[in-house]
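Residue strings, one per chain:
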Amino acid sequence: MTEAGLAARMPFESRDDIIQVRDLKKYYPISGGLLSRVKGYVKAVDDVSFNIRKGSTMGLVGESGCGKTTIGKTILRLTDKTEGSVKFDGIEIHDLNKQDLRALRPRIQIIFQDPYSSLSPRMPVGEIIGEAVRERKLVPPEEFDDYITKIMEDCGLQEYHKDRYPHEFSGGQRQRICIARALALNPDFIVCDEPVSALDVSIQAQIINLLKDLQEKYNLTYLFISHDLSVVEHISDTVGVMYLGNLVEYSKKETVFSNPLHPYTKALFSAIPVQDPDAKGERIILEGSIPSPSNPPSGCKFHTRCSYCMDVCREIMPEMKMVEEGHEVACHLY
Amino acid sequence: MDKNKGFFDRFKSIGRGLGKYNGKNIPKSVNYLSAKELRIISKENRKITEELELKRNRVGVSESEYRTTMKNPDNILEIENLHTYFFTDIGVVKAVDGVSFNVPKGKTVGVVGESGCGKSVTSLSIMHLVQRPQGQIVEGEIRFDSGDMIYDIAKTPTDRMQKLRGNQISMIFQEPMTSLNPVFKVGMQIDEVIELHNSHMTKDQVRQRTLEMIEMVGIADSGGVYEMYPHELSGGMRQRAMIAMALACSPKLIIADEPTTALDVTIQAQIMDLLRTLKDQINSSIMLITHDLGVIAEMADYVVVMYAGRVVEQGSARDIFYNPLHPYTVGLMASKPGKDKKVERLYSIPGSVPNPIDMPNYCYFKDRCDRAFEACEGEYPPTFSISETHRVACYHYANGGGGIRD
């Protein structure tokens, strides 16, 4: 696709975009047989394009195994891409050499899902948060202590927590430590990989509020990966829905939630349980489960579970089409 | 248990008090105990647990000891004043501290609460699966109507319990991958349950029944799945296999402990639909444990809200969702982002759950409650009945506030 064509397709294309993902592909080889030859590929991410505007939050939703986390990791170059491009602030992340990448790292950070396994049990909290700051000499040594205290207070932690170890904290507090660790490097962009799914509802609300406050204060940009649609609806500005490595729908939050177009998005939204015992509404129950990404169905990958399946769906893979202003969907129905 | 009361109180002060940081007073880490204190605690623990174990391991317990009667014959399960404690090396954890509720026949009761509130321990107590000897049911009754006899499960000896477990009461666990044995075929694992409880059946009959069960839970290729190992199945299929195993003997009571938490929303919808239809098909009752209020609203007829080992509110699903009374229930509902909630900031309950080893002697929720008033300083509130079904443990609904003390 030409640059001009892309610009026309991308609804929010502007100079404010901090992240530009173009036709990103990530295939994992499957090897086997006598000489460990490559037998096939798991297409974890297959031709995904989107932009994230500076200071906004993009929500990425989908079932497990649909490639959400792989996108997050590939954007940060925690894993190498197969094809496509990822630009952060105009810099092509996957073309950087080692030194340049290292220099860029503080600006792109990640918060992981499980706060129990992502903190070193042998390091005191002050060290966990401050290690990278000291290594990179972001602040002069005499200001170091005050800087860490300030970051911790921003994240709702107390100064005396510095000398404690992660096992002394609850899940919510640990997630605050993870956030403080990412925030200490003064990043512009943070990938939040299911940051609240391991937490209780009341703690979830605290962490979501904290993430929103920090975004306002430091003008952060988030890629918020989650399978919990109600959380995504609350925090995001734009939402991308993924199915089996493809982005099937992408738009502003309000449009996606009030007017979902793709049959998969519709089914996904109708499956959210509602907190109302009388609202036993119409529910679209999808048959079967998500097909294997190593052997995806031909044509539209969703056709095996789709109730609107037509002949064309079995053969031709639908392209992302702009249906209305800023609302893109990959489906032959539109 | 009265003679142990002094013991529990004696250690109230252990691990409390203030520490110093940069010359400022800070709360001391709750997990810190000196070696001497640890020794005293474990010695006392051993004394208590050994006594309880001796009582439990007696042989030839007469049936009259655990035969009892139901308060209301329409209930399949009645839990009354259940106390399950864990005697750990840092103190006694009162995981379940005076829980009472009923499961009516043919109904679904949802138990909701945050992690650590004792909802899983309640269900494990019913199944006799609490880790012994540290974990013990120290007080209370669990009355279960098996049809021909009414058991008090809290007093039933283990060998008798083995006949009930998996047969009359069965459990669906949260994580299907860890609860299925990875080295045996799925079919064989279901066979095992049926064989164990139906000694008169032949091998062929057992296999036939297993295939029937696999088909019943919505797996089309029953013969294929019978020969598969758990790792060959997807998460949703594994949970279906678990359900087939739990329902194999047509139990009277199914305990589902977070059956859909590990699953995607689309699969969750399938599994909930399946549970609902199967419950009516085999004429059973469900006790559904979850932290997801949405799942409770869809499935449950009655709801029990637990907090820090106690029931704070219970009632029919309508009572709880349309007229939540306890400040904790109200807070829990408000903190969940939802479709029709257009708010900038989510409500979040301030503070966190009190330390289970060192519970306060006033209402456990008082320190986090935004409606606390003078009466809350007093002892833990009793339950007040608001209507026939609706009960709440909060002083705001004391005799003047619309409730009648139980």
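Our structure is the block above this text.
Parameters at a glance
Residues numbered from 1 in each chain as written. Chains lettered and ligands numbered in written order. Predicted model: local features only at pLDDT ≥ 70, side-chain atom pairs only at ≥ 80, totals over all residues. Heavy atoms only, no water. Axes fitted to C-alpha atoms, helices over the stretch in contact; angles between N-to-C directions. Helix = DSSP H or I, 4+ residues; strand = E, 2+ residues; numbered from the N terminus. Parallel < 35°, antiparallel > 145°, perpendicular 65-115°, else oblique. Left-handed = near helix turned anticlockwise from the far one by under 90°. Contact = heavy atoms within 4.5 Å. Buried area = accessible area lost by both parts, 1.4 Å probe. Salt bridge = Lys/Arg side-chain N within 4 Å of Asp/Glu carboxyl O. Polar contact = N/O pair within 3.5 Å; in protein donor to acceptor, adjacent residues only side chain to side chain. Nonpolar A, V, L, I, M, F, W, Y, C, P; charged D, E, K, R; others polar. Buried < 20%, exposed > 50% of the residue type's maximum accessible area, 1.4 Å probe, protein only. Pairing = 2+ DSSP bridges.

### So, the packing of helix α4 (residues 125-135) of chain A against helix α5 (residues 144-154) of chain A
All names here are of chain A. Contact geometry for α4 and α5: axes closest at 10 Å, N-to-C directions at 120°. Taken together, the axis directions place α4 and α5 in an arrangement best described as oblique. For the element pair α4 and α5, the recorded crossing hand is right-handed. In this structure, α4 contributes V125, G126, I129, G130, V133 and R134 to the contact, and α5 contributes F144, Y147, I148, I151 and M152.

### Quick look at the interface of chain A and chain B
Opposite the 43 residues of chain A that make contact, chain B presents 48 residues. Interface area for chain A against chain B, summed over the two sides, is near 4,100 Å², with a carbon-plus-sulfur share of 49%. At the junction of chain A with chain B, the criterion picks out one salt bridge. For A:D213, the salt bridge identified is with B:R345, shortest N-O distance 2.7 Å. Viewed at the interface, chain B and chain A are joined by nine residue pairs in polar contact (both at pLDDT 80 or more). Every element with two or more residues in the side of chain A that touches chain B is listed here: α7 (201-218), α8 (229-235) and α10 (263-270) of chain A. Of the residues assigned to the side of chain A that touches chain B, the class counts are 16 nonpolar, 10 polar and 17 charged.

### Remarks on the side chain of A:H234
Relative to the helices and strands, A:H234 is located in helix α8. Classification of A:H234 by relative accessible area gives buried; the value is 9%. Dropping the residues within four chain positions of it, A:H234 is found in contact with A:I208, A:K212, A:K253, B:P337, B:V343, B:E344 and B:L346.

### Section: the sheet that holds strand β4 (residues 83-88) of chain A
Residues and elements named next belong to chain A. In spatial order, the strands read β2-β1-β4-β5; together these four strands make up an open sheet with antiparallel pairing. The outermost strands of the open sheet, each flanked by one partner alone, are β2 (37-53) and β5 (91-92). Pairing of strand β1 (residues 17-32) with β2, which is carried by 13 bridges, proceeds in the antiparallel orientation. Counterpart to I19 in the pairing with β2 is I52.

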